[in-house]
Amino acid sequence: MKNISKYIVLSVVALLVSCKQEKETPKVSYDTNAKAKPVAKTDASSIKVADLPINFSGTNILIHPIGDLSIYSRDKNVAYDSSSRGESQQSFAVSDNREFEITGYLQNIKFQEIGKDSIKALTDKQILIETATYLKNTADKTKKQLLVYTLSDADTNKDGKIDSNDIKTLYVSAINGSNFTKLSQDLQELIDWNCMESTSRLYFRTIEDINKNGAFDKDDKVHYNYLDLLTKEWKVQEYFPVN
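Everything numeric here is computed off the predicted structure, so don't read it as measured data. (Residues numbered from 1 in each chain as written. Predicted model: local features only at pLDDT ≥ 70, side-chain atom pairs only at ≥ 80, totals over all residues. Heavy atoms only, no water.)

Phi angles above zero are rare outside glycine, and Lys143 is one such case at about 70°. Within the element layout of this structure, Lys143 appears in the loop between helix H2 (136-142) and strand E7 (146-152). Of note, Lys158 is a non-glycine position whose phi angle comes to about 55°, a positive value. Within the fold, Lys158 resides in the loop between E7 and strand E8 (169-174). (Helix = DSSP H or I, 4+ residues; strand = E, 2+ residues; numbered from the N terminus.)

With that settled, consider the environment of Lys168. With respect to the element layout, Lys168 can be found in the loop between E7 and E8. In this structure Lys168 comes out as partly exposed when scored by relative accessible area, which is 24%. When sequence neighbours within four positions are dropped, the list of residues in contact with Lys168 reads Glu130, Thr150, Leu151, Ser152, Gln188, Glu189 and Leu190. At a separation of 3.4 Å, a polar atom in the side chain of Lys168 contacts the side chain of Glu130. (Buried < 20%, exposed > 50% of the residue type's maximum accessible area, 1.4 Å probe, protein only. Contact = heavy atoms within 4.5 Å. Polar contact = N/O pair within 3.5 Å; in protein donor to acceptor, adjacent residues only side chain to side chain.)

Glancing now at the sheet that holds strand E11 (residues 201-208). On the basis of which strands lie adjacent, the open sheet formed by four strands has the order E10-E11-E12-E13 and antiparallel pairing. Sheet topology places strand E10 (188-196) and strand E13 (236-239) at the edges, where each strand pairs with a single neighbour. For this sheet the average axis-to-axis angle between neighbouring strands, irrespective of direction, equals 30°. In this sheet, E13 lies alongside strand E12 (residues 221-228) in antiparallel orientation, the contact comprising four bridges. Residue pairing in the sheet places Tyr224 in a bridge with Tyr239 of E13. (Pairing = 2+ DSSP bridges. Axes fitted to C-alpha atoms, helices over the stretch in contact; angles between N-to-C directions.)

Our next topic: the nonpolar core. Counting residues in each nonpolar core, the largest one holds 22 residues, and the members touching the most others are Phe56, Ile63, Ile109, Phe111, Ile129, Leu147 and Tyr149. If one sorts the elements of this core by residue count, strand E4 (residues 101-113) sits on top with four residues. Aside from chain neighbours lying at most four places away, what touches Ile129 is Gly104, Tyr105, Leu106, Asn108, Ile109, Leu122, Tyr149, Thr150 and Leu151. Counting 13 residues, the second-largest nonpolar core is a separate cluster that includes Leu135, Leu190, Cys195 and Leu227. (Core = buried A, V, L, I, M, F, W, Y, C linked by side-chain atoms within 4.5 Å.)

Summed over the entire model, instances satisfying the criterion amount to nine aromatic pairs. Taking the centre distance of 4.5 Å and the plane angle of 20° together, the rings of Tyr171 and Phe180 count as stacked. Relative accessible area serves as the criterion here: at 10%, Tyr171 is assigned to the buried category. The class of Phe180 is partly exposed, set by a relative accessible area of 23%. Aromatic ring contacts, followed pair by pair, group Tyr203, Tyr224, Tyr226 and Tyr239 into a single cluster. The ring of Tyr226 is capped by Arg201, whose NZ or CZ atom sits 4.0 Å from the centre of that ring. (Phe/Tyr/Trp six-rings, centres within 6.5 Å; stacked < 30°, edge-to-face > 60°. Lys NZ or Arg CZ within 6 Å of the ring centre and 35° of its normal.)

For the structure shown, the criterion picks out 11 salt bridges. Residue Asp68 is joined to Lys48 by a salt bridge in which the shortest nitrogen-to-oxygen separation is 3.2 Å. Of this pair, Asp68 sits in strand E2 (residues 61-70) while Lys48 sits in strand E1 (residues 46-50), and the two are 20 residues apart along the sequence. For Lys48, a relative accessible area of 54% gives the class exposed. (Salt bridge = Lys/Arg side-chain N within 4 Å of Asp/Glu carboxyl O.)

Spatial relationships are all this shows, so hold off on functional conclusions.
Structure, rendered in structure tokens:
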């Protein structure tokens, strides 16, 4: 009887995993016959909030992470204040600050020079920022203060929203958000990136869906790129380590 119960449990788990795999949304859709859904600008179940400003050591810029806070789970009977420690307290945080990196699902980031009142947005386009990393070692060595972003900037799977199911891209900007520049190519999924302080270069890999099946796998093409961070005009160079 015990073995039968164990078999039933394993079968249910396998079925659930199979259903989840079947329902996975591809990162990109090439269906030219299907009409793309308009990207929703607002979500009725969320409110836009900003976290308290962040200042990376050695910079004179305050960074304000902006994100959507889901409100459907709010408990109106809970008092929301900084001294409350109840388990049902609603968290109003939309980001996490890890030394020289901001993580979350952010709709924008705003910048404010210390000592000034004006606040400037990174972009006026719809995006979803997952990470913003301050290149501290590069700044210490070259005095050039830069931020690197991983984000989604287009509804590549045509489901009517920009989220983590869309292609992830790589951007860079100055510490104050100016010169916000896309580095990876359209419809190429970012694999990873690394800053090489010894050469002041930003290296990154992307993958191109060359068989147009909507997924990124071993049958697709990996691209290797680098950016010289010290040049006046940022221009990505492709290199070929496996050719």
